[in-house]
Amino acid sequence: MSAMLLPAGALPTAQESATWSTSAMAGAQYIILPPRIEGKPKGLTEQQRTIVLNSMRHDLAGSLKRRYPKATVGTTPAGQDVITVTPVIQAPKVLLPWGKLDLKLIFERKNGQQLLLKQQFTLLSLWQQQDDAAKYAYDKLINSLP
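Residues numbered from 1 in each chain as written. Predicted model: local features only at pLDDT ≥ 70, side-chain atom pairs only at ≥ 80, totals over all residues. Heavy atoms only, no water.

Undergrad: Which parts of the structure should I look at to understand the overall build of the protein?
TA: What the protein contains, in helices and strands, is 5 helices and 7 strands. Ordered by position from N to C terminus, the α and β elements of the protein give β-α-α-β-β-α-β-β-β-β-α-α. Scored against the burial criterion, the 146 residues of the protein give a buried share of 36%. If you take every contact in the protein between residues at least 6 apart in sequence, the share linking residues at least 24 apart comes to 69%. Surface accessibility of the protein: about 8,300 Å² in total, with carbon and sulfur atoms responsible for 57%. (Helix = DSSP H or I, 4+ residues; strand = E, 2+ residues; numbered from the N terminus. Buried < 20%, exposed > 50% of the residue type's maximum accessible area, 1.4 Å probe, protein only. Contact = heavy atoms within 4.5 Å. Areas by Shrake-Rupley, 256 points an atom, 1.4 Å probe, with all protein chains shown as cover.)

Here it is, written out as structure tokens:
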């Protein structure tokens, strides 16, 4: 399953392409906003939900640093090269091994330009990763960035 890298809106302009270039992404400061789980899967307790949300934030920061070692991941925006990232999971209604979930990352610059990164995973493929499931999924997504 390949990731989709989509500018929010129509085709990117030359300025937008430069905004999302490898050099621009590599030197940026990333602020990870609170993760969201969309949908209410049956069988997921509130405690499990909290564990998933905490893991999403932590493992996304690690994936960004592995992809862009010179980038910073912080909590307070400083400077013009700030990119906020909103992690979102669209969960299936029932947690079955063959079920699929969508993992999305919404990147947004201060000027309002957005980039959506999205990939679908089977629950079985994530379960096979055990404690590294979020790391595995985010590495797959992040590696499709410029």
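Undergrad: What is the right way to read the pairing of strand β2 (residues 29-32) from this model?
TA: In regular strands, side chains alternate between the two faces of the sheet. Judged by which residues are buried, β2 turns out to be covered on both faces: Gln29 and Ile31 on one side and Tyr30 and Ile32 on the other are all buried. Across 3 bridges, the pairing between β2 and strand β4 (residues 72-74) is parallel. Paired with Gln29 across the bridge in β4 is Thr72. With 4 bridges joining them, β2 and strand β5 (residues 82-90) adopt parallel strand pairing. Following the sheet pairing, Tyr30 is matched in β5 by Ile83. (Pairing = 2+ DSSP bridges.)

Undergrad: Got a minute to help me understand the nonpolar core in this structure?
TA: What tends to happen in soluble globular proteins is that the nonpolar side chains get buried as a cluster. Ranked by size, the top nonpolar core spans 31 residues in total, and within it Tyr30, Leu105 and Phe107 carry the most contacts. Elements supplying a minimum of two residues to this core: β2, α3 (46-67), β5, β6 (100-109), β7 (114-122), α4 (123-127) and α5 (133-142). Counting residues per element, this core draws most heavily on α5, at 6 residues. (Core = buried A, V, L, I, M, F, W, Y, C linked by side-chain atoms within 4.5 Å.)

Undergrad: Teacher, can you tell me more about the environment of Ile31 here?
TA: Locating Ile31 in the fold gives a position in strand β2. Assessed through its relative accessible area of 5%, Ile31 is described here as buried. Excluding anything up to four places from it in sequence, Ile31 contacts Gly74, Thr75, Thr76, Pro77, Val82, Ile83, Thr84 and Val85.

Undergrad: Looking at this structure, how should I read α3?
TA: Within an α-helix, residues lying three or four positions from one another point in the same direction, as the helix has 3.6 residues per turn. Counted at 1.5 Å a residue, the expected span for α3 with its 22 residues is 32 Å, and the 32 Å between its end C-alpha atoms agrees. All of the buried residues along α3 are Arg49, Met56, Asp59, Leu60, Ser63 and Leu64. Looking straight down α3, one finds that the buried residues subtend no more than 140° of arc, so they occupy a single side. Opposite its buried face, α3 presents the exposed residues Gln47, Ile51, Asn54 and His58, each directed more than 90 degrees away. On its buried side, α3 packs onto β2, β3 (36-38), β4, β5, β6 and α5. (Expected span 1.5 Å × (residues − 1). Arc of directions from axis to C-beta.)

Undergrad: Honestly, α5 in this entry has me stumped. Any pointers?
TA: Burial analysis of α5 places 7 of its 10 residues in the buried class, which makes it a mostly covered element. Listing the buried residues of α5 in full gives Ala133, Ala134, Ala137, Tyr138, Asp139, Leu141 and Ile142.

Undergrad: Explanation requested: the pattern of salt bridges in the structure shown.
TA: Side-chain pairs of opposite charge can arise where the charged atoms are in close proximity. If you walk through the whole model with that rule in mind, you get 3 salt bridges. Between Glu38 and Arg36 there is a salt bridge, with the nearest N and O atoms lying 3.2 Å from each other. (Salt bridge = Lys/Arg side-chain N within 4 Å of Asp/Glu carboxyl O.)

All quantities given are derived from atomic positions and should not be read as evidence of function.
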